[in-house]
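Reading the structure
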Amino acid sequence: MSHEQTPAEPEVMEPTFWRKNGWSARVIKNEEDDGWAVEIRKQGLSEPALISPWVMGRDKKNPKPFDSTAFATFVKTASEVLDRSARQRDQAMTKKLSIAWEGRWYEVRLELVPDEYDPHALLSAIDDAGSTVAKHRVPANFKFTRDVANAWVRGGFSEP
């Protein structure tokens, strides 16, 4: 996936499709029933950030047209969904343990680096002042337990 800045797409504000500030909302047929749904996408992402039910219009057949309030609400909700999943992904990629040794606390971290060609992990220790004391590259399948972290700290943070 490219991290280059893509030019902003032109704004569109149609009854069933809005695009503004890098977000788009499109009314689609709801696959669960005979109603409607809204698909919210963020520019640059291949999957929709959110799919949500959408209301019928007055004729009880066609979807209700978008308005700025509905669009803003969907974008806010989709942003929260993306933020939450990014936090969960970050938490799944990092394991942390607090280790005390010789009157100081260290946060020992194992951060997985999911490189397609060279997956690995980074083992690091941060002291109670927030300084990184040591950082070593380790195999992606490095066994990270409290005993291993304790031994590493007590051993002076030498390469594991």
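Quick look at the structure, then. Note on numbering: residues in each chain are counted from 1, in written sequence order. Since the coordinates come from a predicted model, pLDDT governs what is reported: local features require at least 70, and pairs of side-chain atoms require 80 or more to be given and counted, while whole-chain, interface and lining totals use all residues. Here the side-chain values reflect all heavy atoms present in the structure, with hydrogen atoms and water set aside.

1. Details of the packing of aromatic side chains
When the centres of two rings from Phe, Tyr and Trp lie within 6.5 Å, Trp using its six-membered ring, the rings pair. Their planes under 30 degrees apart give stacked, over 60 give edge-to-face, and anything left gives tilted. Scanning all chains against the criterion turns up 5 aromatic pairs. With 5.7 Å between their ring centres and 55° between their planes, W54 and F74 make a pair best called tilted. With W54 in strand β5 (residues 50–54) and F74 in helix α1 (residues 68–93), the pair connects residues that are 20 residues apart, well separated along the chain. Categorising residues by exposure relies on relative accessible area from a 1.4 Å probe, with only protein chains included: less than 20% of the type maximum marks a residue as buried, more than 50% marks it as exposed, and the intermediate range marks it as partly exposed. Residue W54 is classed as buried on the basis of its relative accessible area, which comes to 12%. Counting every residue linked through ring pairs, the aromatic cluster contains W54, F66 and F74. What counts as a helix is a DSSP run of H or I of at least four residues, what counts as a strand is a run of E of at least two, and both are numbered from the N terminus.

2. Some details on the layout of surface pockets
Any space left empty among the atoms is revealed by the rolling of a water-sized probe across them. Throughout, the protein atoms alone are placed on a 1 Å grid, and a set of points is a cavity if a 1.4 Å probe fits but cannot get out or a pocket if it is open with protein on both sides within 12 Å along at least five of seven lines; lining residues have an atom within 4 Å of a point. Grid points are joined across faces, edges and corners, and a volume is the space filled by probe spheres set on the points. Counted as a void, the second largest pocket has a volume near 150 Å³. In terms of lining, the second largest pocket is formed by 14 residues, of which the most central are E9, F17, R19, S24 and R41. Contributing elements (two or more residues each) for the lining of the second largest pocket: β2 (17–20), β3 (23–29) and β4 (36–42). With 4 residues, β3 is the largest single contributor of residues to the lining of the second largest pocket. By the convention adopted, Pro, Cys, Tyr, Trp, Phe, Met, Ile, Leu, Val and Ala count as nonpolar, Lys, Arg, Asp and Glu as charged, and the other residues, Gly among them, as polar. Classifying every residue of the lining of the second largest pocket by side-chain character gives 4 nonpolar, 4 polar and 6 charged.

3. Overview of unusual backbone geometry
The phi dihedral of N21 is positive, around 55°, even though this residue is not glycine. Relative to the elements of secondary structure, N21 occurs in the loop between β2 and β3. Phi is positive for K60, which is not a glycine, with a value near 60°. Looking at the secondary structure, you find K60 in the loop between β5 and α1. According to the relative accessible area criterion, K60 is exposed, its value standing at 65%.

4. Notes on the pattern of salt bridges
It is possible for side chains bearing opposite charge to pair when their charged atoms get close. Counted as salt bridges are all cases of a side-chain nitrogen of Lys or Arg within 4 Å of a carboxyl oxygen of Asp or Glu. Tallied over the full model, the rule gives 6 salt bridges. R137 is the partner of D118 in a salt bridge, and the nearest nitrogen-oxygen pair spans 2.2 Å. Of this pair, D118 sits in the loop between β7 (104–113) and β8 (120–127) while R137 sits in strand β9 (residues 132–139); the two residues are 19 residues apart in sequence, bridging distant segments of the chain.

5. A look at the pairing of strand β6 (residues 94–101)
Here, any two strands with at least 2 DSSP bridges between them count as paired. Across 8 bridges, the pairing between β6 and β7 is antiparallel. Each residue of the ladder has a partner; that of I99, found in β7, is Y106.

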